[in-house]
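A closer look at the structure
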Amino acid sequence: MEGLLWHLLASSRGGPTRMRLVRMLDERPRNPNRLADALDLDYTTVRHHLDVLVENNVVEKSTDDYGAPYLLTDAAEAHRETLDEIVTTVTAESEEREGDG
């Protein structure tokens, strides 16, 4: 799962957006509309990235109801150290790039 998390959140094109979603869901469960509003993203973009994260067992819907919030899976929670390392690494790299530009 660690390699998958690195790929999904740090190595792939959509990684930064998925990392932002995971960080928001780590704070508390939210539905796609609330995530889109909080992150100033289009709803369809949020849904796409949530679908990728669900397919890879990183997040899950709390119920099957429409508008149900998403939360981190037990599998993702079990790799908390990896998630924290990814956030730290990606944030540092982003800040370094901004400093160069």
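A quick note: this is a predicted structure, and the numbers were derived from the prediction, not measured.

A short note on the overall build of the protein chain
Each helix and strand in the protein chain was counted, giving 6 helices and 2 strands. Along the protein chain, helices (α) and strands (β) appear in the sequence α-α-α-α-β-β-α-α when read from the amino end. Compactness check: the protein chain gives a C-alpha radius of gyration of 13 Å against a globular reference of 13 Å for 101 residues, within 12% of the reference. The burial tally for the protein chain puts 35% of its 101 residues in the buried class. Long-range pairs, those at least 24 residues apart, make up 52% of the contacts in the protein chain with a sequence separation of at least 6. By element, 43% of the accessible surface of the protein chain is carried by carbon and sulfur atoms, the whole surface being about 6200 Å². Here the protein chain carries 11 positive and 21 negative side-chain charges, and the mean point of each set is 6 Å from the other.

With respect to the nonpolar core
Formed by 23 residues in total, the largest nonpolar core has its most connected members in L9, V58 and V59. Listing elements by their share of this core, those giving two or more residues are α1 (2–11), α2 (15–27), α3 (32–39), α4 (43–55), β2 (70–72) and α6 (80–100). For this core, the leading source of residues is α2, giving 5 residues. Leave out the neighbours within four places in its chain, and V59 touches L25, L50, L53, V54, Y70, L71, L72 and T73.

Observations regarding the side chain of R30
Residue placement: R30 occurs in the loop between α2 and α3. A relative accessible area of 7% means that R30 is categorised as buried. There is a polar contact of 3.5 Å between the side chain of R30 and the side chain of E27. The residues touching R30, leaving out its near neighbours within four places in the chain, are M24, L25, L35, P69 and Y70.

Considering the packing of α3 against α4
Where α3 meets α4, the closest approach of the two axes is 9 Å, and the angle between their N-to-C directions is 115°. At the point where α3 passes α4, the crossing takes the right-handed sense. Note on element contacts: α4 touches α3 through Y43, V46, R47 and L50, opposite P32, N33, L35 and A36. Along the lines of polarity and charge, the residues of the contact of α3 with α4 split into 6 nonpolar, 1 polar and 1 charged.

So, the packing of α1 against α2
Relative orientation of the contacting elements α1 and α2 amounts to 110°, with a least axis distance of 6 Å. On the basis of their axis angle, the class for α1 and α2 is roughly perpendicular. In this structure, α1 uses L8, L9 and A10 to contact α2, whose residues at the interface are G15, P16, R18, M19 and V22. Its residues placed into classes, the contact of α1 with α2 shows 6 nonpolar, 1 polar and 1 charged.

Description of the pattern of salt bridges
Following the criterion strictly, the structure yields 5 salt bridges and no others. Measuring nitrogen to oxygen at the nearest pair gives 2.7 Å for the salt bridge that ties E77 to R80. In this structure R80 comes out as partly exposed when scored by relative accessible area, which is 23%. Put simply, R80 and D84 hold a salt bridge, and the shortest N to O gap is 3.9 Å. With a gap of 4 residues between them, R80 and D84 both fall in helix α6, about one helical turn apart. Bridged by salt links that share partners, the residues D26, E77, R80 and D84 form one connected network.

Analysis parameters
- Residues numbered from 1 in each chain as written.
- Predicted model: local features only at pLDDT ≥ 70, side-chain atom pairs only at ≥ 80, totals over all residues.
- Heavy atoms only, no water.
- Helix = DSSP H or I, 4+ residues; strand = E, 2+ residues; numbered from the N terminus.
- Rg over C-alpha atoms; globule rule 2.2 N^0.38 Å.
- Buried < 20%, exposed > 50% of the residue type's maximum accessible area, 1.4 Å probe, protein only.
- Contact = heavy atoms within 4.5 Å.
- Areas by Shrake-Rupley, 256 points an atom, 1.4 Å probe, with all protein chains shown as cover.
- Lys, Arg positive; Asp, Glu negative; His and termini not counted.
- Charge placed at Lys NZ, Arg CZ, Asp CG, Glu CD.
- Core = buried A, V, L, I, M, F, W, Y, C linked by side-chain atoms within 4.5 Å.
- Polar contact = N/O pair within 3.5 Å; in protein donor to acceptor, adjacent residues only side chain to side chain.
- Axes fitted to C-alpha atoms, helices over the stretch in contact; angles between N-to-C directions.
- Left-handed = near helix turned anticlockwise from the far one by under 90°.
- Nonpolar A, V, L, I, M, F, W, Y, C, P; charged D, E, K, R; others polar.
- Parallel < 35°, antiparallel > 145°, perpendicular 65-115°, else oblique.
- Salt bridge = Lys/Arg side-chain N within 4 Å of Asp/Glu carboxyl O.

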